[in-house]
Amino acid sequence: MTTTFQLNGESCRFDGDPMTPLIDLLRRDRFMTGTKAVCREGFCGACIVHVESEPVPACLRPVGLLEGLSVTTIEGASQFDAEAQRLQAAFERVDAVQCGMCFPGMVMSLSEFLRENSRADRDAVKHAMVGNICRCTGYERIVDAVMECLAEGEHAGGADV
Amino acid sequence: MSEVERTIMNLPRRDAPDKLRGRTRYTNDRMDATTLHTALLRSTVPAGRIVRLNVSRALKCPGVRAVATAADAPGLFGIGVADHPLFASDTIRYIGEPIAAVAAETQEQARAAVAAIELEVEPFAPVLTMEEALAAGARLVHENWRNYEDLFEGGSRRGNVAWEAKAVRGDVDAAFAQPDVRIVESTFRVGRQNHVPFEPRVAICTWEDDRAHIQTSTQVPWTVRNVTGKVMGLPPGRVRVTVPPVGGGFGLKFDATIEPITAVLARKTGRTVMIENSRTEEMTTCLCRENADIRIRSAVTADGEIVGREATVLMDCGAYGGEQIFLTTMTAHTLGGNYRLGAVRLTSRAIYTNTPPNGAFRACNGVYNTFALERHTDEICAELGFDPIEFRRRNVLGDGDLGATGQVFEGEVLRPMLERMEALREKVGSARERAAGRLYGRATTVGTWFIFVGPSSATVNLNADGSATLVTSGVEIGSGTMTQSLPQIVAGQLGLDPRDVIVKQADTDAAGLDVGVGGGRTTVSIGAASIEACVPIRENLLKTASEMLQTPPERLALRNGRVEIAAIPGSGATVAAVVQRAQSIGGPVTGTGSFTAKNVPAMAGCAMGHFIEAIDIPVFAVHDAEVAVDPETGHVEVLSYNVVQDVGRALNPRAIHGQVQGGVVQGLGYALHEEVTLGPQGEIRQSGFETYRLPLALDAVPVAIDLYEGAPSMGPLGTKGAGEVPILNTAATIACAVANATGRRIQQIPLTPPRVLCILRGREPELSHPHISADWLQNTLD
């Protein structure tokens, strides 16, 4: 069986077992290692990608269910997604990164959150992060960076005007 | 501007842009289409004898290229004692122990071949707890313990006691017999903690020019090199280790584990071989922070003087001694730290059990001994009617006081830090109102830790473009040392922009010996070696520039990438021009430096079986927390958290703040909900993220931080390591605060809601520790 879907804006054809988790197609077939496989059970959030603009753990999504859909990974978002880029800049600015393995997933979850919640408070940001675990940073600085992005959005007129 | 001043800055991390974009290639991102994958046959029984092992069927399975067993790696390795084989050969000692490894074209093929290996085991009754291991007539986990090679002199060991360290100073019996003292006794127990680094243990080996080249996610490339050589019976120089960015270590990656297996398989196949632990393997064979049992007793006068103290600490090393053998040393400096003591005797023992081996974890040994010591201190205060903060202010170690092994502490550090905490508490204010009807508690604790010094080396090459290349065996595990403090230090010495200091990835072929990234040592040890490496370079640059500028060297300054006439900013020549000139006269401009422990003296005869008798660089911490305990559910919420940390000198304050925040939250997990339990066969039950409860964003609190600078340190520019210590007294502080909130003794962590409910309802059984004698001498070997 063949599955065809859009991967970072380009057509991607997969001929293997449709139950193959998307994470394995990305990492093992395409050597696109930006998406991190950490728990492989949907708890850690390190492998979040966007499927039709929805944050989804790539470990839990069989490739066979992607027929005709559009998938964006951290590699694509870093190039094309304005919110992801703002977050990346903010994480650099506040020195949030440590070992770094959770960050591609953090960027993918939070970029979608930023688009949808331009007036979130700190508590809402933390709630949005419960599906993304970080073992190094103790989270607060990540939240600081998201709050900076939200404030920027507000100064820039915001989407909710 | 002095060298020190221009070294201090909030330099951002150079690795952040790639890490944020998924471009960083950690070890487990480095497979390619030609890589062979590996699966391990692991023991499913905790103890037994291998009766038959036949791999011939596995070798015939599709895609299989090689199978490795103990016959390929007969050597034993370890710390202090060589007790650990790479594969179980005759005896099996824990569930999960590797017995064989298969390399195949795909992971699935490797797994299928493992299932085809024929294994027959005669099981033994396992020894699962330290109590069982110490019981009279207990089966020996290592029957042939006597035959093991001793790798360190002076320790005592016998049977299931893998190692014993003792510290004895003064006449403790006399102190306890004084008529004017009250004797307070406490017992404690702590469970294991799993590191859960996001990158599991993973290694890739190629066999090149008849040598192993291992790329691995390690904290200590030189240990991987030496252990691989030892188990394979090769000179360690036949092994080269390089280290890509490491996706978290926290101490887990301080031991070599799977790396030598890749070397065995690479040699057999001539191919690139990768082993990556699955998350389940990683969780269930994690070299956890050890579980420990503690009994402590103090004799205290009515005035609050601690005239005598004795304690026994049992540390479960699991099936093999590993890091715990070394860590027995730390009890003297952690449980025996913090306070001025009259007479003291402490014994710390690593005990073998048929459970997965334990290892090192950030502030290893220190976290639970500080928990025990600070709870014990609060129990003393409660029994004798002292105010806990006043008692600490009065009794903490100060200038000229003796440590447990008789080392003389220099400088007043903890007392002024307690004052700074008072000020920080006032500045931040109380979050008490957020307790809103729940039980409220607050506590302040102190902690003593150390910087693990020891050998490091550095080479600095100055390049013709004015940049410098720093070559060391240091590893970037996420702490930022390799991307922030070290380039800052080199740049500060040479007047360069730290962005012009290239930091070479660790490579044992390129850099000299190093005992690894851990113990807060990298900035101190590699930093000191780097400064030494810069000395001949500075001399060379100043001498060459002196001739170029017709100015004596003492009137020149290295700054802003130039060699300038000191009095005239912007004068002189660029470093690049001076390097080019120097190269043409005398060849490349280069320097090397070395560093090792200075070995501060202990008192003769006080420390037995200790790997470190006195601590070269003590580090202190004061923590304070407010908690709310829900009386209905037992849930503990941390309302506020404050830290005053002794950092010597903060070279990158923002980076240190990040380490403190992260370390405290990791400590909150240990204190409150990270629980490892062992099943009926000694197996680790928490095999994934669903059952092992890591701190989430909603569990975190913003930590208020005051960095205490200026305490004595032999570290370069007055530094001390700052990344390890933030976790040190987190469990202590939370436990003391929960005790204050509930009015109950806290003897065990983690303080999960079920445990806290039991404590609140008086149903938590008293810890009796029958396996630790009330007669201290009975807890020692000789």
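Rules used in this analysis
- Residues numbered from 1 in each chain as written.
- Chains lettered and ligands numbered in written order.
- Predicted model: local features only at pLDDT ≥ 70, side-chain atom pairs only at ≥ 80, totals over all residues.
- Heavy atoms only, no water.
- Helix = DSSP H or I, 4+ residues; strand = E, 2+ residues; numbered from the N terminus.
- Rg over C-alpha atoms; globule rule 2.2 N^0.38 Å.
- Buried < 20%, exposed > 50% of the residue type's maximum accessible area, 1.4 Å probe, protein only.
- Contact = heavy atoms within 4.5 Å.
- Areas by Shrake-Rupley, 256 points an atom, 1.4 Å probe, with all protein chains shown as cover.
- Pairing = 2+ DSSP bridges.
- Domains from an automatic or database assignment.
- Buried area = accessible area lost by both parts, 1.4 Å probe.
- Salt bridge = Lys/Arg side-chain N within 4 Å of Asp/Glu carboxyl O.
- Polar contact = N/O pair within 3.5 Å; in protein donor to acceptor, adjacent residues only side chain to side chain.
- Nonpolar A, V, L, I, M, F, W, Y, C, P; charged D, E, K, R; others polar.
- UniProt positions renumbered as here; feature names shortened; annotations may be inferred.
- 1 Å grid on protein atoms, 1.4 Å probe; cavity = no way out; pocket = protein on both sides within 12 Å on 5 of 7 lines; lining within 4 Å.
- Points joined across faces, edges and corners; volume = space filled by probe spheres on them.

### Observations concerning the overall build of chain A
Line of reasoning, step 1. Per the secondary structure count, chain A includes six helices and five strands.
Line of reasoning, step 2. What you see in chain A, going N to C, is helices and strands ordered as β-β-α-β-β-β-α-α-α-α-α.
Line of reasoning, step 3. Whereas a compact globule of 161 residues would reach a radius of gyration of roughly 15 Å, chain A reaches 16 Å, a difference of no more than 12%.
Line of reasoning, step 4. Its C-alpha atoms give chain A principal-axis dimensions of about 50 × 35 × 25 Å.
Line of reasoning, step 5. With 161 residues in all, chain A has 57% of them scored as buried.
Line of reasoning, step 6. A separation threshold of at least 6 residues defines the contact pool for chain A, and within that pool the share at least 24 residues apart is 57%.
Line of reasoning, step 7. As displayed, chain A offers around 6400 Å² of accessible surface, 50% of which is attributable to carbon and sulfur atoms.

### Some thoughts on the sheet that holds strand β2 (residues 48–54) of chain B
Residues and elements named next belong to chain B.
Line of reasoning, step 1. The strand order β7-β2-β9 describes an open sheet built from three strands, whose pairing is antiparallel. Only two strands of the sheet have a single partner each, and these edge strands are β7 (91–92) and β9 (118–123).
Line of reasoning, step 2. Across six bridges, β2 lies against β9 in antiparallel orientation. Bridge pairing in β9 links L53 to L119.

### Some points on the domain arrangement of chain B
All names here are of chain B.
Line of reasoning, step 1. Here chain B is partitioned into domain 1 (3–24 + 454–595), domain 2 (37–124 + 201–276) and domain 3 (288–452 + 602–761).
Line of reasoning, step 2. Using only C-alpha atoms to locate each centre, domain 1 and domain 2 end up separated by 38 Å.
Line of reasoning, step 3. Between domain 1 and domain 2, the residue contacts involve 19 residues of the former and 18 residues of the latter.
Line of reasoning, step 4. The junction of domain 1 with domain 2 conceals about 1400 Å² of combined surface from both sides, 56% of it contributed by carbon and sulfur atoms.
Line of reasoning, step 5. Joining domain 1 to domain 2, the criterion identifies three salt bridges.
Line of reasoning, step 6. With a closest N to O distance of 2.8 Å, R211 and D509 form a salt bridge.
Line of reasoning, step 7. At the junction of domain 1 and domain 2, the tally comes to eight residue pairs in polar contact (both at pLDDT 80 or more).
Line of reasoning, step 8. Here the residues of the side of domain 1 that touches domain 2 sort into seven nonpolar, eight polar and four charged.

### What about the UniProt feature "domain: Aldehyde oxidase/xanthine dehydrogenase a/b hammerhead" (unreviewed entry) in chain B?
Line of reasoning, step 1. The residues that UniProt annotates with the feature "domain: Aldehyde oxidase/xanthine dehydrogenase a/b hammerhead" (unreviewed entry) are residues 21–125 of chain B.
Line of reasoning, step 2. Helix makes up 12% of residues 21–125 of chain B and strand 39%, and the two end C-alpha atoms of the span are 51 Å apart.

### Structural notes on the domain arrangement of chain A
Residue and element names in this part refer to chain A.
Line of reasoning, step 1. Entries for chain A in the domain assignment read domain 1 (2–77) and domain 2 (78–157).
Line of reasoning, step 2. The interface of domain 1 with domain 2 comprises 18 residues on the first partner and 19 residues on the second.
Line of reasoning, step 3. Summing both sides of the interface, domain 1 and domain 2 together bury roughly 1400 Å²; the carbon and sulfur share of this comes to 59%.
Line of reasoning, step 4. For the interface between domain 1 and domain 2, the tally reads zero salt bridges.
Line of reasoning, step 5. One can count 11 residue pairs in polar contact (both at pLDDT 80 or more) joining domain 1 with domain 2.
Line of reasoning, step 6. Looking at the side of domain 1 that touches domain 2, the element that brings in the most residues is helix α2 (residues 74–80), giving four residues.
Line of reasoning, step 7. Split into classes, the residues belonging to the side of domain 1 that touches domain 2 amount to eight nonpolar, eight polar and two charged.

### Describing the layout of surface pockets
Line of reasoning, step 1. Put simply, the second largest pocket is a space of about 790 Å³.
Line of reasoning, step 2. Going through the elements one at a time, α1 (22–29) of chain A together with β1 (36–42), α4 (107–115), β17 (273–276) and α9 (279–284) of chain B are the ones with two or more residues in the lining of the second largest pocket.
Line of reasoning, step 3. A per-element tally of the lining of the second largest pocket places β1(B) first, with six residues.
Line of reasoning, step 4. Of the residues assigned to the lining of the second largest pocket, the class counts are 12 nonpolar, 10 polar and 11 charged.

### Observations concerning the interface of chain A and chain B
When the parts of a complex come together, some accessible area is lost, and that lost area is often used as the size of the interface.
Line of reasoning, step 1. In this assembly, 44 residues from chain A lie in contact with 54 residues from chain B.
Line of reasoning, step 2. Interface area, chain A with chain B, both sides summed: about 4000 Å², of which 59% is carbon and sulfur.
Line of reasoning, step 3. Remark: the boundary between chain A and chain B carries five salt bridges.
Line of reasoning, step 4. Here R27(A) ties to D29(B) by a salt bridge, and the two come within 2.8 Å at their closest N and O atoms.
Line of reasoning, step 5. The set of elements that each furnish at least two residues to the side of chain A that touches chain B consists of α1, α2, α3 (82–93), α4 (103–116), α5 (122–128) and α6 (140–155) of chain A.
Line of reasoning, step 6. The element that contributes the greatest number of residues to the side of chain A that touches chain B is α3(A), accounting for four residues.

### Topic: empty space enclosed by the protein
Residue and element names in this part refer to chain B.
Line of reasoning, step 1. Under the defined criterion, the tally for this structure stands at eight cavities of 30 Å³ or more.
Line of reasoning, step 2. Reported here for the largest cavity is a volume of approximately 70 Å³.
Line of reasoning, step 3. As for the largest cavity, its lining consists of E185, R295, I296, R297, E310, A311, T312, S773, A774, D775, W776 and N779.
Line of reasoning, step 4. Elements with a minimum of two residues in the lining of the largest cavity: β18 (292–301) and β19 (306–318).

### Some points on the pairing of strand β30 (residues 617–629) of chain B
Residue and element names in this part refer to chain B.
Line of reasoning, step 1. Most of β30 sits out of view: 13 of its 13 residues are buried.
Line of reasoning, step 2. Both faces of β30 are covered, namely the face carrying I617, V619, A621, H623, A625, V627 and V629 and the face carrying P618, F620, V622, D624, E626 and A628.
Line of reasoning, step 3. In this structure, strand β21 (residues 439–451) lies alongside β30, joined through 13 bridges in antiparallel fashion. Note that in β30 the partner of A443 across the bridge is A625.
Line of reasoning, step 4. As paired strands, β30 and strand β31 (residues 636–648) are joined by nine bridges and run antiparallel to one another. Bridging from a neighbouring strand, A621 pairs with Q645 of β31.
Line of reasoning, step 5. If you look at the hairpin formed by β30 and β31, you'll find six residues sitting between the two strands, and G634 has a positive phi there, around 80°.

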